[in-house]
Amino acid sequence: MTATNGSQNNAKSMSIIVTKGTLDWAYPPFILATTAAAMDVKVTMFFTFYGLPLLKKKLDLQISPLGKPDMAMPVMGMHMKMPNMVAMLPGVNAAATTMMKNLIKKKGVASIEQLREAAIESEVEFIACQMTMDLFEFDKSDMIDGIILGGAAAYMERALKSEVNLFI
């Protein structure tokens, strides 16, 4: 294989189904997509159900510690876990989101907006599930430019040709 811009030219492809749109679940698909694209992999991301809002022009991502009893956040030099009982209290999601966003900023981790922009610049293909758009009454004008509207067949067309298929 020949080197291209420091990476290997491997002519592979990858598809990712993105089904979750919380702050913590938005990172894996965008990190994997941008990393693969940097390695000359052709990447398609198919956004459906709760992952579809990640294509909105304006993001307001939250996290919910509810149902994540093993979620330990660094607080005052320790890793503290939040019991589900506490996570059910009003205002806890907002506090957990603020803590996570502060931690992301403090550690110098790219924002979802920055990762999404890097994916666009790397020519990652974004497919918005048409059925989900209709189901949740989203309008294409609320979404970022350059997305493709398509359904399961549009995804399957790419997935059947891909060497790597991920469901996140």
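Summarised in this report is the structure supplied together with it.

### Some words on the overall build of the chain
In step 1: A tally of regular secondary structure across the chain gives six helices and nine strands.
In step 2: Going through the 168 residues of the chain one by one, you find that 38% of them count as buried.
In step 3: In the chain, once contacts between residues fewer than 6 apart in sequence are set aside, the share between residues at least 24 apart is 71%.
In step 4: Accessible surface, the chain: about 10,000 Å² in total, of which carbon and sulfur atoms supply 60%.

### A look at the packing of aromatic side chains
In step 1: Taken as a whole, this structure holds eight aromatic pairs when the rule is applied.
In step 2: Their ring planes at 25° and their centres at 5.9 Å tell us that Tyr50 and Phe136 sit as a pair that is stacked. Placement of the pair is Tyr50 in the loop between β4 (42-47) and β5 (72-75) and Phe136 in the loop between α5 (130-135) and β8 (148-150), with a sequence separation of 86 residues.
In step 3: The partly exposed category is assigned to Phe136, whose relative accessible area is 30%.
In step 4: Put simply, the rings of Phe49, Tyr50, Phe136 and Phe138 pair up and form one aromatic cluster.
In step 5: The ring of Trp25 carries Lys20 above its face, with NZ or CZ at 5.2 Å from the centroid.

### A word on the pattern of salt bridges
In step 1: If you walk through the whole model with that rule in mind, you get one salt bridge.
In step 2: Here Glu125 and Arg158 are joined by a salt bridge, their closest N and O atoms 2.6 Å apart. Here Glu125 is found in strand β7 (residues 125-129), whereas its partner Arg158 is found in helix α6 (residues 152-159), with 33 residues between them in sequence.
In step 3: In this structure Glu125 comes out as buried when scored by relative accessible area, which is 15%.

### Examining a nonpolar patch on the surface
In step 1: Side chains of Phe49, Tyr50, Met131 and Leu135 sit close together on the surface and give an oily, nonpolar patch of about 440 Å² of accessible area.
In step 2: In this structure Tyr50 comes out as exposed when scored by relative accessible area, which is 57%.

### Notes on the packing of helix α1 (residues 23-38) against helix α4 (residues 112-121)
In step 1: It is the contact of α1 with α4, at a shortest axis distance of 9 Å, that shows an interaxial angle of 25°. Our classification of the angle between α1 and α4 gives roughly parallel. Between α1 and α4 lies a crossing whose hand is left-handed. Residues Leu23, Ala26, Tyr27, Phe30, Ile31 and Thr34 of α1 pack against Ile112, Leu115, Arg116, Ala118 and Ala119 of α4.
In step 2: When the residues that make up the contact of α1 with α4 are grouped by side-chain class, the tally is nine nonpolar, one polar and one charged.

### Considering the side chain of Thr132
In step 1: In this fold, Thr132 is placed in helix α5.
In step 2: A relative accessible area of 0% places Thr132 in the buried class.
In step 3: Beyond its immediate stretch of four places on either side in the chain, Thr132 contacts Thr48, Phe49 and Leu52.

### Considering the side chain of Thr48
In step 1: Assignment of secondary structure puts Thr48 in the loop between β4 and β5.
In step 2: Ignoring sequence-local partners within four residues, the contact set of Thr48 consists of Ile17, Val18, Thr19, Cys129 and Thr132.

The rules behind the values
Residues numbered from 1 in each chain as written. Predicted model: local features only at pLDDT ≥ 70, side-chain atom pairs only at ≥ 80, totals over all residues. Heavy atoms only, no water. Helix = DSSP H or I, 4+ residues; strand = E, 2+ residues; numbered from the N terminus. Buried < 20%, exposed > 50% of the residue type's maximum accessible area, 1.4 Å probe, protein only. Contact = heavy atoms within 4.5 Å. Areas by Shrake-Rupley, 256 points an atom, 1.4 Å probe, with all protein chains shown as cover. Phe/Tyr/Trp six-rings, centres within 6.5 Å; stacked < 30°, edge-to-face > 60°. Lys NZ or Arg CZ within 6 Å of the ring centre and 35° of its normal. Salt bridge = Lys/Arg side-chain N within 4 Å of Asp/Glu carboxyl O. Patch = residues over 30% accessible without salt bridge, like charges linked within 9 Å, V, L, I, M, F, W, Y side chains within 5 Å. Axes fitted to C-alpha atoms, helices over the stretch in contact; angles between N-to-C directions. Parallel < 35°, antiparallel > 145°, perpendicular 65-115°, else oblique. Left-handed = near helix turned anticlockwise from the far one by under 90°. Nonpolar A, V, L, I, M, F, W, Y, C, P; charged D, E, K, R; others polar.

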